[in-house]
Amino acid sequence: MRIKLKYLSGLLAFGALLSVGSIGNAANATEAWKPTRPIQIVVPSAPGGGLDLVARTLQNVITQEKLSDQPITVLNRPGGGGTVGISYINSHHADGHYVTVQALPLVTNQITGLSKIGIADVTPLAVLFREPIIFAVAGDSALKSGQDVVALLRKDPASVGMAVSSSPGGQSHIAAAMVVKAAGQDPHKLKIVFFDSGGEAMTALMGGHVAVAASPVGVAVGPAQAGKIRMIGIPQAARAPDELANVPTWKEQGIDVDFSTWRVLVGPKDMPAAQAAWWDNVLKKVMATPEWSAALKRNMWSADYRPSQQAAEFLKNENARLTPLLGELGLAKQ
């Protein structure tokens, strides 16, 4: 009996060692992956826009801080409100060497019926930050304030050509539609001109091709500092700090609108956990750098970093929040 018990104890001890070893191997597997060839950060818009700025900032910080043994490249794949970029990374199945910076259309494209591609077709890696939407006119425009724009909207919405740096139902379009609706007008009557990037929208504004532009603030700061555009309204509850402190909120101008956008980093669908863990580790270090903090301040981005698991939950919640909002604005598919 003692021999049998001793034998049994030995088996249990050996089994426990195997179990611990398995756990250790699983943990090591999660941490083991690292890039073996160049990484591509795909931008689903043209060079010079807000998403392009985010991708190149990430590229610079990761490179300067030597957070990757492999080089980082930025590849522009505009079109389809971000879906062209997603299709491109998904052509490299479950491969963490290919990621893309995305914005609100990642969620809204499906709600509006613009695309069948949505959050189920990517692996969320991070919420990077939030960004205000800014409304602007040309520096020499006869429109001096948001109230001037509202007066025109109430007279004839179709007379106000407005550039937006997003697809139908995207961040700038939603902000514009909310302003028009709060002014008591039909958003469908607004003359909207869609651009693949905020840089293109600002160029159209400065060229006199549209009366107003709505875009994420990052691409508007430079032209505003140069006097080429004038920022006339921001859809927030309170004024923004620093260089935006002189920009009145829409609420101050009688239009009760509060809306901002966000930037996320996603990978191809079905990325292994080990690859997501590598990105979590790298991005956590990026967020802690002085270079990233300086970029947040310089571009008026609001810090709101969330790693992969929290990012996945965030996108699900945004889908639940934006579906009724787009329906209320008449932008959701019927």
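Reading the values: rules and limits
- Residues numbered from 1 in each chain as written.
- Predicted model: local features only at pLDDT ≥ 70, side-chain atom pairs only at ≥ 80, totals over all residues.
- Heavy atoms only, no water.
- Helix = DSSP H or I, 4+ residues; strand = E, 2+ residues; numbered from the N terminus.
- Buried < 20%, exposed > 50% of the residue type's maximum accessible area, 1.4 Å probe, protein only.
- Contact = heavy atoms within 4.5 Å.
- Areas by Shrake-Rupley, 256 points an atom, 1.4 Å probe, with all protein chains shown as cover.
- Lys, Arg positive; Asp, Glu negative; His and termini not counted.
- Charge placed at Lys NZ, Arg CZ, Asp CG, Glu CD.
- Core = buried A, V, L, I, M, F, W, Y, C linked by side-chain atoms within 4.5 Å.
- Axes fitted to C-alpha atoms, helices over the stretch in contact; angles between N-to-C directions.
- Parallel < 35°, antiparallel > 145°, perpendicular 65-115°, else oblique.
- Left-handed = near helix turned anticlockwise from the far one by under 90°.
- Polar contact = N/O pair within 3.5 Å; in protein donor to acceptor, adjacent residues only side chain to side chain.
- Salt bridge = Lys/Arg side-chain N within 4 Å of Asp/Glu carboxyl O.

To continue, consider the overall build of the chain. Of the regular secondary structure elements, the chain holds eleven helices and ten strands. For the chain, with 334 residues in total, the buried portion stands at 52%. Within the chain, contacts between residues at least 6 apart in sequence are counted, and of these 78% link residues at least 24 apart. Total accessible area on the chain stands at roughly 15,100 Å², and carbon and sulfur atoms take up 55% of it. The average position of the 30 basic charges and that of the 25 acidic charges among the side chains of the chain differ by 6 Å.

Take the nonpolar core next. One finds Phe135, Met162, Ile174, Val212, Phe259 and Leu322 to be the most contacted residues of the largest nonpolar core, which totals 45 residues. Looking at this core element by element, the count peaks at seven residues for helix H6 (residues 171-182). With 33 residues, the next largest nonpolar core counts Val54, Ile62, Ala103 and Val282 among its residues.

Now for helix H7 (residues 198-206). Listed in full, the buried residues belonging to H7 are Gly198, Gly199, Ala201, Met202, Ala204 and Leu205. In this structure, the buried side of H7 is in contact with helix H2 (50-64), strand E4 (122-138), strand E5 (161-164), strand E7 (212-216) and strand E8 (229-233). Once H7 finishes, glycine 208 follows within two positions and takes phi at roughly 80 degrees, a positive value.

This part is about the side chain of threonine 249. Checked against the element boundaries, threonine 249 lands in the loop between E8 and strand E9 (260-268). Apart from residues no more than four positions distant in its own chain, threonine 249 is found in contact with Ile234, Gln236, Ala238 and Arg239.

For lysine 66, which is not glycine, the phi dihedral falls at a positive 55 degrees. With phi around 55 degrees, aspartate 242 is a residue other than glycine that occupies positive phi space.

Between H6 and helix H11 (residues 308-328), whose axes approach to 11 Å, the crossing angle comes to 50 degrees. The orientation of H6 relative to H11 falls into the category oblique. Between H6 and H11 lies a crossing of left-handed hand. Mapping the contact onto sequence places Ile174, Met178 and Lys181 in H6 and Leu322, Leu325, Leu326 and Glu328 in H11.

Another point: the side chain of aspartate 52. With respect to the secondary-structure elements, aspartate 52 resides in helix H2. Polar contacts involving the side chain of aspartate 52 include one to the side chain of arginine 56, which spans 3.0 Å. Once residues within four sequence positions are removed from consideration, aspartate 52 is found in contact with Val43, Ser45, Ala46, Pro47, Val74 and Asn76.

As a further point, take the pattern of salt bridges. Enumeration according to the criterion identifies nine salt bridges in this entry. Between aspartate 304 and arginine 130 there is a salt bridge, with the nearest N and O atoms lying 3.1 Å from each other. With aspartate 304 in strand E10 (residues 302-306) and arginine 130 in strand E4, this residue pair connects regions lying 174 residues apart in the sequence. The salt bridge involving arginine 239 is made with glutamate 252; its shortest N-O contact spans 2.8 Å. Highlighted residues: arginine 239 in the loop between E8 and E9 and glutamate 252 in the loop between E8 and E9, separated in sequence by 13 residues. One network of salt bridges, with partners in common, ties together Arg130, Asp304 and Arg306.

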